[in-house]
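# Descriptive structure summary
So you can see what is in the structure, the chains are spelled out below.
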Amino acid sequence: RTYKVIDDSKPKTTLTAAAVNGSNGWYKSNFNVTVNTSDIGEGVEKIYYCTNTSKCTPNTEATGTSKAVTVSSESKTNYVCAYSVDKAGNISDTTCGGPYKLDKTGPTITYPATTEVEQAEQTIDLWNNVTYSDNYTATASIEKSVTGTLNFAQPDDYKVTYTLKDDAGNVTTK
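Report on the accompanying structure.

## Comments concerning the packing of aromatic side chains
Tallied over the full model, the rule gives seven aromatic pairs. Here the aromatic rings of Tyr27 and Phe31 are separated by 3.5 Å at their centres, their planes lie at 10 degrees, and the arrangement is stacked. The exposure class of Tyr27 is buried, given its relative accessible area of 4%. Through a chain of ring-to-ring contacts, three or more aromatic side chains come together here, namely Tyr111, Trp127, Tyr132 and Tyr162. We note Lys144 situated over the ring of Trp127; from NZ or CZ to the ring centre the distance is 4.6 Å.

Put into structure tokens, the structure is as follows:
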């Protein structure tokens, strides 16, 4: 009598994202999502994966039991989706991770090169004629600060430093 063992169990596919390196759940630089697979039968033969700014159909092939997938698109909605196929041809369920938020760009700031102030004014709004924005953070939510001192008793040239920080933790200083 001969017995034939049939592998009819699906492999499993899981995703593990790198630790967030920014603020508020944002990544500030490219990061990896690792596709891991396991199989109780003959073993995993192939991994199929995709990365996109929306859920996607895995179409890139890799061999082995794990694959590091790099997420590099700046977006609030990056996804990595994957499934695996074992040596018997069984296909795992597709799993998707995300949305992953990636913002590699700091806020922008523009201001006049020179602003003349009358000594008699005694106060000045250092944000007057300064504009700033960010690709993902609403202007009202950008953290802003200015450092420097103007001495109204002493006519001279003074410099101030503007610092902006977006929701991801990207900082621009000028």
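## Focus: the side chain of Thr137
Counting through the fold element by element, Thr137 comes out in the loop between β10 (131-133) and β11 (143-147). Only 2.9 Å separates the side chain of Thr137 from the backbone nitrogen of Asp167, close enough to count as a polar contact. In this view, Thr137 contacts Ile142, Asp166 and Asp167; residues no more than four positions away in its chain are not counted.

## Remarks on the side chain of Asp134
Here Asp134 lies in the loop between β10 and β11. Lys76 provides the closest opposite charge to the buried, salt-bridge-free Asp134, at an N-O distance of 8.6 Å. Only 3.1 Å separates the side chain of Asp134 from the backbone nitrogen of Tyr136, close enough to count as a polar contact. From its side chain, Asp134 meets the backbone nitrogen of Thr137 in a polar contact 2.9 Å long. For Asp134, the contacting residues outside a window of four places in its chain are Asp103, Thr105, Gly106, Pro107, Ile142 and Asp166.

## Some details on the state of the cysteines
This model, assessed by the stated rule, comprises two disulfides. A disulfide bridge connects Cys50 with Cys56, and the sulfur atoms are separated by 2.1 Å. Here the S-S torsion is close to 100 degrees, and the disulfide linking Cys50 with Cys56 is therefore right-handed. In this pair, the class of Cys50 matches that of Cys56, namely buried.

## Observations regarding the sheet that holds strand β6 (residues 66-71)
Strand order in this open sheet of three strands is β1-β3-β6, and the pairing throughout is antiparallel. Of all the strands in the sheet, the pair left with one neighbour each is β1 (12-17) and β6. If you compare each strand with its neighbour and ignore which way they point, the axes differ by 25 degrees on average. Pairing between strand β3 (residues 31-38) and β6: six bridges, direction antiparallel. Bridge pairing in β6 links Val33 to Val69.

Calculation notes
Residues numbered from 1 in each chain as written. Predicted model: local features only at pLDDT ≥ 70, side-chain atom pairs only at ≥ 80, totals over all residues. Heavy atoms only, no water. Phe/Tyr/Trp six-rings, centres within 6.5 Å; stacked < 30°, edge-to-face > 60°. Buried < 20%, exposed > 50% of the residue type's maximum accessible area, 1.4 Å probe, protein only. Lys NZ or Arg CZ within 6 Å of the ring centre and 35° of its normal. Helix = DSSP H or I, 4+ residues; strand = E, 2+ residues; numbered from the N terminus. Polar contact = N/O pair within 3.5 Å; in protein donor to acceptor, adjacent residues only side chain to side chain. Contact = heavy atoms within 4.5 Å. Lys, Arg positive; Asp, Glu negative; His and termini not counted. Salt bridge = Lys/Arg side-chain N within 4 Å of Asp/Glu carboxyl O. Disulfide = S-S within 2.5 Å. Pairing = 2+ DSSP bridges. Axes fitted to C-alpha atoms, helices over the stretch in contact; angles between N-to-C directions.

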